[in-house]
Each structure stands twice: as structure tokens, then as C-alpha cells.
Amino acid sequence: MATLTLSNSDRRIESPEAVAQFLEPFGIHYEHWPVEGRLSADATNDDILAEYAPEIEQLKQSGGYVTADVINVAPDTPGLDEMLAKFDKEHTHSEDEVRFTVEGRGVFWIHAPGSDQEEANTASVFSIEVEAGDLINVPAGTQHWFHLCDDRHIRCIRLFQDPAGWTPDYMEGGIATDHPPVCWGRSYLAGKTEVKPVVQL
Ligand SMILES: [Fe+2]
């Protein structure tokens, strides 16, 4: 389940209902779907799309999405550092960024609309660490960035409104470097003997 952390405090939100409630005023939709027993350990990307076809169809109808695929990122993915360097700078998209996490984890950072650089240091920057079962929709125009945890693994269903796919518009003077890429989720920390920031990707 997702872990939401406010950057200006130690406040952390972990129940799915509370995470969804916090995100709603920002236009960000969050849901947690059951994943237990739905996929085998060796599921292919096609298996994932087939298993979640009903949910994907529902999202397509409600959000105007026209295509879905699966992105699978692992430590041995060719060009991983270059790929992650595209995500970890503050940017927007002209379409929604919709991700349903099937395996692994990662962190979306949100720089809330309407805030400026000064306000960003008070209450308008927060992170959502997602893991298996978490659906998040970051609406078009939302200033955000993304990083992995140090296990460098995530597998997600992506939905697109534009078949041309993922295009970032980077923010001049983006604030991503002001916020260390830390992972705080319970399942992530359960496997750790100490809490440490991940390497800046
Ligand atoms: Fe993005």
C-alpha cells in the first residue's frame, strides 16, 4: 500500500483511504486493488494485461485512455540509468500519467499546482511511494518527478490518452534536487537493517 510523506514534516500517511483523501484536492486519483493470487511469479507482460483487462477497460472508459502497456524495470535493464534520468527531473505531461504497480516500488513526487518556489518549502511538496496493488493517476499538467528505491525494480501497467506515449516537459529551475530520493514504505523498510537514502539516479 502507498506511503505518502509531506516534505516539510515527518507526517506520513499510510492507510489507502487517507492517502486517497489527501490526494483528491490535488486532482490525483489513488486506489489500491487486491493483487494477491492474481499473477504467477513468471507472468509475462501479456499475462498481466490479460489478467487486469476488466480494470483496464474500465479505466479506458472513465478516463479516455486508448492504449495500455506494461513497463518492466529491473537492475539489469539495458540503459536503466539513462531511462531513470528522464523521470527524476521535475516535469509535466500534456496527458495523465496513469500507473498501476504490479511488482516492485517507486516514488512519485508532487509539486502542487499553484505553488511557487518559496511555498514549495512549506506545504506543497509531497511524495507517494507506490508498490504492488497501487493505482495512481497524476493528471496532465501536474508538476512531478519519479525515482526508484535502491532495489531498482518496478513493473507497472501504463495507460495513455495519446498513443504516441510518454513525453515530458521539463520545468526550468525544477526542485527535484532539493528533495533526497528516500523510500519509506513499510514493506520496503521491513527488508532493511538501516534507513538510508537511495543513490540519486
Ligand atoms: Fe512523469
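See the structure printed just above.
Residues numbered from 1 in each chain as written. Predicted model: local features only at pLDDT ≥ 70, side-chain atom pairs only at ≥ 80, totals over all residues.

1. Here we look at the overall build of the chain
Secondary structure summary: the chain contains five helices and eleven strands in total. The buried share among the 201 residues of the chain stands at 32%. Taking contacts inside the chain between residues at least 6 apart in sequence as the whole, the part at least 24 apart equals 78%. (Helix = DSSP H or I, 4+ residues; strand = E, 2+ residues; numbered from the N terminus. Buried ≥ 20, exposed ≤ 12 C-beta atoms within 10 Å, placed from the backbone. Contact = placed C-beta atoms within 7 Å.)

2. A few points about the nonpolar core
One recurring pattern in soluble globular proteins is that nonpolar side chains are buried together. Grouped together as the largest cluster of nonpolar side chains are 38 residues, with contacts concentrated most on Tyr 30, Phe 108, Trp 109, Ile 128, Ile 136, Ile 157 and Leu 159. Only α1 (16-23), α3 (53-63), β6 (97-111), β7 (125-131), β8 (134-138), β9 (143-148) and β10 (154-160) provide two or more residues apiece to this core. Per-element accounting of this core gives the leading share, seven residues, to β6. For Ile 157, the residues in contact, after removing those within four places along its chain, are Ile 48, Tyr 52, Ile 56, Ala 68, Val 70, Phe 100 and Val 102. (Core = buried A, V, L, I, M, F, W, Y, C linked by C-beta atoms within 7 Å.)

3. Observations concerning the environment of Ile 56
Topologically, Ile 56 is positioned in helix α3. Note on Ile 56: 20 C-beta atoms within 10 Å, which makes it buried. C-alpha separation for the pair Ile 56 and Leu 159, spaced 103 residues apart in sequence, amounts to 8.0 Å. If we ignore the near neighbours within four places in the chain, the residues touching Ile 56 are Leu 49, Ala 68, Ile 157 and Leu 159.

4. Looking at the pairing of β7
The element β7 is largely enclosed, with a buried count of seven among its seven residues. In β7, alternate side chains face the same way, and those of Val 125, Ser 127, Glu 129 and Glu 131 on one face and Phe 126, Ile 128 and Val 130 on the other are all buried. Two elements, strand β1 (residues 3-6) and β7, share four bridges in a ladder whose sense is antiparallel. Bridge assignment links Thr 3 to a residue of β7, and that residue is Glu 129. (Pairing = 2+ DSSP bridges.)

5. Thoughts on the environment of Thr 142
Relative to the elements of secondary structure, Thr 142 occurs in the loop between β8 and β9. Along the backbone, Thr 142 and His 91 are 51 residues apart, and their C-alpha atoms lie at a distance of 7.9 Å.

6. Brief notes about unusual backbone geometry
A positive phi angle is found at Arg 152, which is not glycine, with a value near 50°. Checked against the element boundaries, Arg 152 lands in the loop between β9 and β10. Note on Arg 152: 20 C-beta atoms within 10 Å, which makes it buried.

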